[in-house]
Amino acid sequence: MDDFDGVVRFLSSDVDWDSSEDDGVVWRVGDFLREKLARHPGLVQERFATIARSPKLMDELVPHSEFPHRRRDKFVLYRDPQERFVVRVHRFHPCGAEKAEFGPVHNHRYPAVTLLLKGSYEERVFSETSRDEKMGTAELTQVKAHSLARGDVDVKGWDQAHQVRNAADEEAAFTLFVRGPSIRRFADIYDIEQGTFSPAGGMHDLARVGFIATMLGSSSIRSRHEAMRFMGSADEWSAREAGMLDAATQGRFDLPKAGATD
């Protein structure tokens, strides 16, 4: 059985998604993923390769991805047919020597778990101290500021507001992100200075390109079909595989095993 199939089997059969508002359920997912990636560091690259080889998977998954993006690229690796969970890879771009600003303060429509695959990022966590739905106002208090590094697992409930940024000047940060079922229709984007919030549906008005285009690093390729033509026939895959996967994942994700020190 393929390693990624094992992930899907666990998420489909061994997780009680109806109870996913319980942080313990989602932490169990994070612990499983960490140990799985520690044993099989090539799992993510292999999944990228499977998607790139399959026009059917490309058509199914790429429309739900978001890349290129100014701060963070999002690659969908799997969507549960029953809409219980989605598996993604997030790539946070380097912050640069002048330290890029944090992304917007937001919460989610769903509970989710993040596993840091490579690099690190900084996060600020907030709590709502007041909220007026009719006026669209909310006051937030920062309750935590920390950094997450390779191998760290983090869980967020659907109502937990936070903001993140890559902590490195030049190295991208990669995360494996699993979101649970949507608890509500919209997430919130907060303006702390104004004390307001507004709904966010989850999909952004961004350029969407195929996995292969990003792997090849070509900004001129704007669709999956163009990318497939650019790539050439299937028998040329083996000659290009290493370079394509390196551009997409920037190396293997060698996570420390649970309990090990870096």
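Basis of the calculations
- Residues numbered from 1 in each chain as written.
- Predicted model: local features only at pLDDT ≥ 70, side-chain atom pairs only at ≥ 80, totals over all residues.
- Heavy atoms only, no water.
- Pairing = 2+ DSSP bridges.
- Helix = DSSP H or I, 4+ residues; strand = E, 2+ residues; numbered from the N terminus.
- Axes fitted to C-alpha atoms, helices over the stretch in contact; angles between N-to-C directions.
- Contact = heavy atoms within 4.5 Å.
- Parallel < 35°, antiparallel > 145°, perpendicular 65-115°, else oblique.
- Nonpolar A, V, L, I, M, F, W, Y, C, P; charged D, E, K, R; others polar.
- Left-handed = near helix turned anticlockwise from the far one by under 90°.

Caption draft 1: A look at the sheet that holds strand β2 (residues 86-92). The strand order across the open sheet formed by five strands is β1-β2-β9-β4-β7, and the pairing between neighbours is antiparallel. Looking at strand neighbours, the two that pair on one side only are β1 (72-79) and β7 (153-156), the edges of this open sheet. On average, each strand axis in the sheet is inclined to that of its neighbour by 20 degrees, with strand direction left out of account. Sheet topology note: the strand β4 (residues 112-118)/β7 ladder contains four bridges and is antiparallel. Across the sheet, the residue bridging to alanine 112 is lysine 156, located in β7. Against the sheet, helix α1 (residues 3-14) touches β1, β2 and β9 (173-179), its axis set at about 75 degrees to β1. Across the sheet, helix α2 (residues 23-39) touches β4, β7 and β9, and the angle it forms with β4 is around 20 degrees.

Caption draft 2: Molecular detail of the packing of α1 against helix α3 (residues 43-53). Between α1 and α3, the shortest axis-to-axis distance is 8 Å and the interhelical angle comes to 95 degrees. Put simply, α1 runs roughly perpendicular to α3. Here α1 contributes Asp3, Phe4 and Val7 to the contact with α3, which in turn contributes Leu43, Glu46 and Arg47. A per-class count over the contact of α1 with α3 returns three nonpolar, no polar and three charged.

Caption draft 3: Structural detail: the packing of α1 against α2. One way to put it is that α1 packs onto α2 with a least axis distance of 11 Å and a crossing angle of 165 degrees. The angle between α1 and α2 places the two elements in the roughly antiparallel class. Between α1 and α2 lies a crossing of right-handed hand. On α2, the residues that touch Asp3, Gly6, Val7, Phe10, Leu11 and Asp14 of α1 are Arg28, Val29, Phe32, Leu33 and Lys36. Looking at side-chain class alone, the contact of α1 with α2 contains six nonpolar, one polar and four charged residues.

Function cannot be inferred from these measures alone, as they are strictly geometric.
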